[in-house]
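Coordinate analysis (summary)
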Amino acid sequence: MQRERVAVVVGTRPEAIKLAPVVRALRDEGDVEAVVVSTGQHRQMLDQVFSRFGLQPDVELSLMQPNQTLAGLTSRALSTMDEALAEMSPRLLIVQGDTTTAFAAALSAFYRRVPVAHVEAGLRSGDLRNPYPEEANRRLASVLTELHFAPTWLSKQNLLDEGVSPDRVLVTGNTVVDALHTLLEVPCSFEGTPIEGVPLDGSRLMVVTSHRRESWGEDLQNICLALLDIVERHPDVRVVYPVHLNPNVGGTVRRLLEGVDRIHLTEPLDYLTFVNLLRCSDFILTDSGGVQEEAPTLGKPLLLLRAVTERPEAFALGLARIVGTHREDIVQEAERLLCDSRAYNRMAGTPNPYGDGRASERIALALGRWIRGESPLLHPSEELGPAAQPPVVGRSPQIPA
Ligand code: UD1
Ligand code: UDP
């Protein structure tokens, strides 16, 4: 019997990291033919992940242009995805998260009457402009989605609150935890990587990433100035900051931090190297979505360089704190972790509320059932247990006033 074709769409680094285990699970399960479609929204950062996970795009749309605009990328993605769908005629299209690729691919599938499955569905910050444009992208994708794979019970609840039928929402855990687990078995080494020359012994290590559009300009400058304050006040602290390739990020970061003693700017790191760096770190400052989900597995405190989060679970458990983008607030919260061991230890706990490493397995199981015309719903013993989830105090914790 001919297997049904399922198109799995990736465009950026986090989508590739989070969908690589799903592709592998679908291929292991064997019920469907999983076809990887790359929009190429990212180029170098996407290729890094493909080669790390041995993933080969079956369809390559090569959309990235230097300093691309949201509208330009969206319109190119919509029309090229439409052509690709016409050629492939998949039974189902899988998108992940909140990028332009995810939204545009979901819309093109809707126009072609191809059902959409959304991985990492139901995250909500409650503020349409923050993160920008991701909160809009994920909401728009939800409207177009047939099967919602919610990573947590809170994200399922967000969807139910918006009127999505409970028989179309499954709680799976976040697939980034699956990806991370595959790398934790690899011994930690920086040989031959951009970290090789960084003297990590005897230093306390802060790992920093930032790239969000809503922070470009003044907020990103504040983040950089805070890093300068921290290394100046603490001679044993080192910062490693892999700089995102978006030119709107690199320009500011390099102007303020290039050549500063104990601040090491690097190119984007291969996923394994980055995960190893996180493992060696004392704590993390980031505005990344994926890094928020990884830190609790590694037991690393996380300070979020944003005003609001759509991933409140670790914050409710006290494993992460929202610090925003004001220079003094960032310095104050970093110094709390550097100087107060009890505050540090309270934030260094586990387990990870975002998943247990089996999300992709659950997704493949449910999709197999859906393709066979059965109910995709998971039995309570198959779903991510509610016990793994903290009681979340508010839907979207905000930066303290
Ligand atoms: C995108 C996503 C964001 C996600 C982030 C992950 C949108 C609107 N934004 O942001 O949600 O958190 O990816 O990293 O979907 N560039 C390169 N090489 C690369 C990647 C980017 O040169 O491998 C440069 C190019 O000049 C490109 C620019 O960065 O035009 C912006 O890329 P784009 O995908 O539009 O936005 P990101 O800021 O990367
Ligand atoms: N990451 C990486 N190399 C780096 C920085 C980040 O592999 O130099 C990984 C990180 O571990 C996480 C993902 O990239 O899994 C997050 O991507 P990004 O911050 O670009 O996007 P977001 O998660 O904010 O959408």
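Owing to the predicted nature of the structure, the values given are computational and were not obtained by experimental measurement.

The secondary structure content of the protein amounts to 15 helices and 13 strands. The C-alpha radius of gyration computed for the protein amounts to 20 Å, which stays within 12% of the reference 21 Å derived for 401 residues, consistent with globular compactness. Structurally, the protein occupies a C-alpha span of about 65 × 45 × 40 Å along its principal axes. Considering only intrachain contacts with a sequence separation of at least 6, the fraction spanning at least 24 residues in the protein is 69%. Counting only carbon and sulfur atoms, one obtains 49% of the accessible surface of the protein, whose full area is about 16200 Å². If the 40 positive side-chain charges of the protein are averaged to one point and the 52 negative ones to another, these points end up 2 Å apart.

Considering the arrangement of structural elements, one finds G54 in the loop between α2 (44–53) and β3 (59–60). With 19 residues separating them along the chain, G54 and V35 place their C-alpha atoms 14 Å apart.

This paragraph deals with the site of ligand 2. Taken together, 15 residues lie around ligand 2, and R13, L269, G289, G290 and E294 are the ones closest in. Contact distances for ligand 2 include 3.0 Å between an oxygen atom and a side-chain N or O atom of H211. The contact in question runs from an oxygen atom of ligand 2 to an N or O atom on the side chain of R212, over 3.1 Å. For ligand 2, whose accessible area on its own is 540 Å², the fraction buried by protein is 95%. Among the elements of the structure, α1 (13–29), α10 (271–280) and α11 (289–298) are those that each provide at least two residues to the shell around ligand 2. The element that contributes the greatest number of residues to the shell around ligand 2 is α11, accounting for four residues. The class makeup of the residues in the shell around ligand 2 is eight nonpolar, four polar and three charged.

Now for the nonpolar core. If you look at the biggest cluster of nonpolar residues, it comprises 63 residues, and the most contacted ones within it are L26, I94, F149, Y271 and L367. No other element matches the eight residues that α1 contributes to this core. Those residues in contact with L367 that lie beyond four places of it in its chain are L26, L92, I94, A117, L147 and F149. Ranked by size, the runner-up nonpolar core spans 29 residues in total, among them A226, V243, V249 and Y344.

We now examine the pairing of strand β4 (residues 92–96). Of all five residues in β4, five are buried; the element is thus mostly enclosed. Taking every second residue as pointing to the same face, both faces of β4 are buried, with L92, I94 and Q96 on one and L93 and V95 on the other. By the bridge criterion, four bridges tie β4 to strand β5 (residues 116–119) in an arrangement that is parallel. Residue pairing for β5: L93 is matched across the bridge by V116. The parallel pair β4 and β5 is bridged by helix α4 (residues 100–111), and the resulting crossover is right-handed.

Parameters at a glance
Residue numbers restart at each chain and count upward from 1, following the sequence in its written direction. Whichever chain is written first becomes A and whichever ligand is written first becomes 1, with later ones labelled in order. For this predicted model, a pLDDT threshold of at least 70 governs which residues receive local features, and a threshold of 80 or more governs which side-chain atom pairs are given and counted, while totals over whole chains, interfaces and linings are taken from all residues. As a rule here, side-chain values cover all heavy atoms of the structure and leave hydrogens and water aside. Helix numbers and strand numbers start at the N terminus; a helix is a DSSP run of H or I with at least 4 residues, a strand a run of E with at least 2. C-alpha atoms define the radius of gyration in this analysis, and the globule rule sets the expected value at 2.2 Å times the number of residues to the power 0.38. Two residues qualify as a contact provided that any one of their heavy atoms is within 4.5 Å of a heavy atom in the partner residue. Method for areas: the Shrake-Rupley scheme with a 1.4 Å probe, in which residue coverage is limited to the protein chains shown. Two residue types count as positive, namely Lys and Arg, and two as negative, namely Asp and Glu; His and chain ends fall outside the count. Lysine's charge is taken at NZ, arginine's at CZ, aspartate's at CG and glutamate's at CD. Throughout, the term near means that a residue has one or more heavy atoms lying within 4 Å of the molecule or strand in question. Pairing of N or O atoms within 3.5 Å defines a polar contact, subject to two protein rules: one partner must be a possible hydrogen donor and the other a possible acceptor, and residues neighboring in sequence count only if both atoms are side-chain atoms. For this scheme, ten residues count as nonpolar: Ala, Val, Leu, Ile, Met, Phe, Trp, Tyr, Cys and Pro. Four count as charged, namely Asp, Glu, Lys and Arg, and the remainder, Gly too, count as polar. Nonpolar cores were defined as sets of buried Ala, Val, Leu, Ile, Met, Phe, Trp, Tyr and Cys residues, with membership established by side-chain atoms within 4.5 Å. A 1.4 Å probe rolled over the protein chains alone gives each residue an accessible area, and that area as a share of the maximum for its type sets the label: buried under 20%, exposed over 50%, partly exposed in between. In this analysis, strands are considered paired if DSSP registers two or more bridges between them. Handedness of a crossover: with both strands directed away from the viewer, a clockwise path from the first strand across the helix to the second marks it as right-handed.

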